[in-house]
Amino acid sequence: MLRFVLRRLVLLMPVMMGILLVTFTLLRLIPGDPCKVMLGERATEAKCAAFRERFGLDDPIPVQFVRYVGSVLQGDLGTSIKTGRPVVEVVAERLPMTLELTLCATLFAVSFGVLLGVISAVKHNSLVDVGAMVLANLGVSMPVFWLGLMLAYVFALALRGTPFQLPPSGRLTPGTDLPSLLKAWGLEDAQGVARFALLLLSNTVLLNAALQGRWDVFLDALRHLILPAVAVGTISLAVIARMTRGAMLDVMAQEFVRTARAKGLAEQWVVLRHVLRNALVPVVTVVGLQVGSLLSGAVLTETVFSLPGVGTQMVDAIIARDYPVVQAFTLIIALIFVVINLIVDVSYAFLDPRIRLH
Amino acid sequence: MAELAPARAEASALRVSAERGRSPLARALRRLLQNRSAQLGMSILAALVFVAVFADVIAPYAYDQQIRQPGLRRRSPPCIHVLGCDPSKPQLLMGLDSNFRDLFSRVVYGARLSLQIGFVTTGVAVVIGALLGAVAGYLGGWADALIMRAMDVLLAFPSLLLAIAIVSVLGTGLINTLIAVAIVSIPVYARVVRASVLSVKEMDYVLASRALGASDVRILFVRILPNALTPLVVVAALGIATAILDAAGLSFLGLGAQPPTPEWGLMLGEERNSVFNAPHLVFFPGAAIMLTVLGFNLLGDGLRDALDPRRRV
């Protein structure tokens, strides 16, 4: 098992270099003079010279690339052109929101997707099955941002005054005060990696509230996450439900299931212990394949629910032509995507020993 | 029961002989036409193509025409005469948008645009991806390694994120969005074609063709690539659905089509703040996207079932 993980890690290196090459090239492909594009048409020649000097744009491209890789490895993602802040801080501020949303959406999609798939398979060709599969087909075809808007309409307006009312925008109810962990723990002068980690934790609102024991804030944050998470997770829920149903039906047709039934095992144990367990392997693969669509969905849905995450930040940065920010977030998301895929591969090998041999 | 059995056997024997007499293409088409999800998908798409082709006739107004009349407000709700709307008011099937434009007309023109977006991006991606995959699979060696590693890197990004990054470099706008969406979908097609090429390139009929002195280009295009068509068609049908969704997403974010283009994603983006006081402005364009994507998804599922020999039970 360890050898399998190590080999996968080694295989990741060229892909990581490729990702770095792509994000590096992004900045160099901007049409026109990068200085005029980023500082504006009226930037003076002296300002431009200083700009090129600062970003090392006069050096040969390979030198620039090596310097870029070096600074990324040291955790330096450059500075925002618009605000002058280190991009790492912007990442620490915006990334947790997107990860929280993606994680909640994944939990929603996996739990309800598997449940729906199991019910459909057990009640094969019943009204429930047909209904679930029609819903799954519609779910796969829905634009996430549209579903988000429709959910906001139903749960914030149509159900206003009922216990099902949910907030349609924002991370917390305005006026809610949740100090950062730097302040709460008196670590305001933390530097470097510790500071970055604390900022990440602080901006993961659910975690921050839990760590400070502010359960009222925790519940408020959770309530604000429900609609976006449902919107983001629905496509994957549909895909997972279809996959679970198919895999369950395949397994149910096999001999050992008949044997289990023949020896008098109760039907729910046949389904849970024999069928579902064997059907989960392809389902895990599909969950892994869904991570990309979940991340993309989170980015789109943040705009709908005015959530301060990667998506809203990237759109702002693109419109403001703040390229270092765009570059940094592209890089970070790709790295996260690759790491999650690695985890999925490993868990897949864990579930099915045959994989490890190849 | 007993008398029915021979009749049924006879019928199925007849069916088998009927199947045998047709070309593989005709047989595949037959199976496709009998597939329920393909039937539904093709009906939806036929209706959409009809709307797109005859948009000028179907839409009562131009997509950028403002309708200013007494009694009509900005974002007026739908007014349908047969459903009891005051006949003195103009009929508005989907209401007015924030700029006094007829939403129905804009959705109708949007069908034209969305189908074009789907076909053009997927077409470009399929051609480039198929060429890359064919070259990689046929030549093998360093060309294969170089091309496929590049594809791996593209696949290492969530596709929409990469498309956003590409748009940030090229600049916002519909054409650049299409380029970005096409680029991010190339790797899928390259992989499909490469796999098909690898599976047939050592087969006897290919070797025979080479022994007869056929050139590499001829072998690749006449002997090998037709084998890749089946999986390519299936993946492309599902790919059109993804391309339409991605392009709509970029337009929704304001990075794609620019006003006053009647693009469904853009229409949703422009009106997203009206969702609470004029939900019809958000409902209809989104439902149109869903219907289109559903059509391609159903067709893709049906194609897979009809064309994949392993699923023929």
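Numbering of residues begins from 1 in every chain and follows the order in which that chain's sequence is written. Written order decides the labels, with chains lettered from A and ligands numbered from 1. Note on the predicted model: pLDDT of at least 70 is required for a residue's local features to be given, and 80 or more for side-chain atom pairs to be given and counted; whole-chain, interface and lining totals, by contrast, use all residues. Excluded from the side-chain calculation are hydrogens and water; included are all heavy atoms of the structure.

### Some details on the interface of chain A and chain B
Next up, step 1: In this analysis, two residues are considered to be in contact whenever any of their non-hydrogen atoms come within 4.5 Å of each other. Listed as interface residues are 42 residues of chain A and, on the opposing side, 36 residues of chain B.
Next up, step 2: Two parts lose some accessible area (1.4 Å probe) when they are put together, and adding that loss for both gives the buried area. When the two sides are added together, the surface that chain A and chain B hide from each other amounts to roughly 3,600 Å², 84% of it contributed by carbon and sulfur.
Next up, step 3: Salt bridges are counted wherever a side-chain nitrogen of Lys or Arg sits within 4 Å of a carboxyl oxygen of Asp or Glu. Our enumeration of links across chain A and chain B arrives at one salt bridge.
Next up, step 4: In this structure, R242 of chain A and D301 of chain B form a salt bridge, with 3.3 Å as the shortest nitrogen-oxygen distance.
Next up, step 5: We define a polar contact as two N or O atoms separated by no more than 3.5 Å, with the added condition that, inside protein, one atom must be a possible hydrogen donor and the other a possible acceptor, whereas residues neighbouring each other in sequence contribute only through side-chain atom pairs. Summed over the shared surface of chain A and chain B, the number is five residue pairs in polar contact (both at pLDDT 80 or more).
Next up, step 6: Segments assigned H or I by DSSP are reported as helices when at least four residues long, segments assigned E as strands when at least two residues long, and all are numbered from the N terminus. Mapped by element, the contributors of at least two residues to the side of chain A that touches chain B are helix 1 (2-28), helix 6 (127-141), helix 7 (144-158), helix 13 (267-304), helix 14 (310-319) and helix 15 (323-351) of chain A.

### Digging into the state of the cysteines
Residue and element names in this part refer to chain B.
Next up, step 1: The disulfide definition used here is simple: a pair of cysteine sulfur atoms within 2.5 Å. Per the counting criterion, the structure on display carries one disulfide over all chains.
Next up, step 2: Each sulfur in the disulfide pair C79 and C85 lies 1.8 Å from the other. Where C79 bonds to C85 through sulfur, the torsion about that S-S bond is close to -90°, and the disulfide is left-handed.
Next up, step 3: Burial here depends on accessible area, computed with a 1.4 Å probe over protein chains only, as a share of the maximum for the residue type. Under 20% is buried, over 50% is exposed, and the range in between is partly exposed. Looking at C85, the relative accessible area reads 18%, which means it is buried.

### Considerations on the packing of aromatic side chains
Next up, step 1: Two aromatic rings, drawn from Phe, Tyr or Trp (for Trp, its six-membered ring), form a pair once their centres lie within 6.5 Å of each other, and the interplanar angle then sorts them: stacked below 30 degrees, edge-to-face above 60, tilted otherwise. For the coordinates displayed, the defined rule picks out 10 aromatic pairs over all chains.
Next up, step 2: With centroids separated by 5.3 Å and ring planes inclined at 45°, the aromatic side chains of F108 of chain A and F112 of chain A adopt a geometry described as tilted. Taken as a pair, F108 of chain A and F112 of chain A lie in helix 5 (residues 87-122) at a separation of four residues, close to a single helical turn.
Next up, step 3: Accessibility expressed as a relative area gives 19% for F108 of chain A, which makes it buried.
Next up, step 4: For F112 of chain A, a relative accessible area of 46% puts it in the partly exposed group.
Next up, step 5: A centroid spacing of 5.9 Å and a plane angle of 50° characterise the contact between W146 of chain A and F283 of chain B, whose relative ring orientation is tilted. A residue pair is termed interchain when its members come from two chains, as with W146 of chain A in helix 7 and F283 of chain B in helix 12 (residues 280-307).
Next up, step 6: Overall, W146 of chain A belongs to the buried group, its relative accessible area being 5%.
Next up, step 7: Lysine and arginine charges are scored as sitting over a ring when NZ or CZ, respectively, is within 6 Å of the ring centre and within 35 degrees of the ring normal. The ring of F252 of chain B has R272 of chain B lying over it, and the distance from NZ or CZ to the ring centre is 5.4 Å.

### Some thoughts on the pattern of salt bridges
Next up, step 1: One pass over the full model with this rule turns up 15 salt bridges over all chains.
Next up, step 2: Taken together, the salt bridges that share partners define one network made up of R85, E89 and E93 of chain A.

### Things to note about the environment of A136 of chain B
Residue and element names in this part refer to chain B.
Next up, step 1: Within the secondary structure layout, A136 lies in helix 5 (residues 103-139).
Next up, step 2: On the accessibility criterion, A136 (0% relative accessible area) is buried.
Next up, step 3: The spatial distance from the C-alpha of A136 to the C-alpha of L198 is 9.3 Å, given a sequence separation of 62 residues.
Next up, step 4: A136 has contacts with D144, I147, M148 and R194, leaving out every residue within four places of it along the chain.

### Section: the nonpolar core
Next up, step 1: Think of a nonpolar core as a cluster: buried Ala, Val, Leu, Ile, Met, Phe, Trp, Tyr and Cys residues, connected wherever their side-chain atoms sit within 4.5 Å. Ranked by internal contacts, the top residues of the largest apolar core, which has 161 residues, are L77 of chain A together with I164 of chain B.
Next up, step 2: Residue contributions to this core peak at 18 residues, all from helix 10 (residues 216-252) of chain B.
Next up, step 3: Among the domains, domain 1 (2-73) and domain 2 (87-178 + 214-351) of chain A are the pair contributing at least three residues each to this core.
Next up, step 4: Core analysis: the next-biggest nonpolar cluster, separate from the first, contains 21 residues, A247, M252, V257 and A260 of chain A among them. Residue ranges for the domains originate in an automatic or database domain assignment.

### So, the side chain of N297 of chain B
Next up, step 1: Structurally, N297 of chain B can be placed in helix 12.
Next up, step 2: Each residue touching N297 of chain B, except ones within four places of it in the same chain, is listed here: V140 and S141 of chain A together with L238 and A241 of chain B.

### Regarding the domain arrangement of chain A
All names here are of chain A.
Next up, step 1: What the domain assignment reports for chain A is domain 1 (2-73) and domain 2 (87-178 + 214-351).
Next up, step 2: Relative placement of domain 1 and domain 2: their C-alpha centres are 33 Å apart.
Next up, step 3: In this complex, domain 1 contributes 19 residues to the contact, which on the side of domain 2 involves 12 residues.
Next up, step 4: When domain 1 packs against domain 2, the two sides together hide about 1,500 Å² of surface, and 83% of this comes from carbon and sulfur.

### As for a nonpolar patch on the surface
Residue and element names in this part refer to chain B.
Next up, step 1: Together, V120, V124, V127, I128, L131, V217, F221 and V222 make up a nonpolar patch on the protein surface, roughly 660 Å² of accessible area in all.
Next up, step 2: For the nonpolar patch, the elements supplying multiple residues, two or more each, are helix 5 and helix 10.
Next up, step 3: Checked against the element boundaries, L131 lands in helix 5. Each patch is built from salt-bridge-free residues with over 30% relative accessible area, joining like charges within 9 Å and nonpolar side chains (Val, Leu, Ile, Met, Phe, Trp, Tyr) within 5 Å. For the area figures, the Shrake-Rupley method with a 1.4 Å probe applies, and any residue is considered shielded solely by the protein chains shown.

### Quick notes on the side chain of T98 of chain A
Residue and element names in this part refer to chain A.
Next up, step 1: In this structure, T98 sits in helix 5.
Next up, step 2: The class for T98 is buried, based on a relative accessible area of 0%.
Next up, step 3: Not counting residues up to four positions away in its chain, the partners in contact with T98 are L295, A298, E302, G309, V310 and G311.

### What about the environment of N99 of chain B?
All names here are of chain B.
Next up, step 1: Its place among the elements puts N99 in the loop between helix 4 (55-58) and helix 5.
Next up, step 2: On the accessibility criterion, N99 (33% relative accessible area) is partly exposed.
Next up, step 3: As for N99 and A190, which are separated by 91 residues in sequence, their C-alpha atoms are 44 Å apart.

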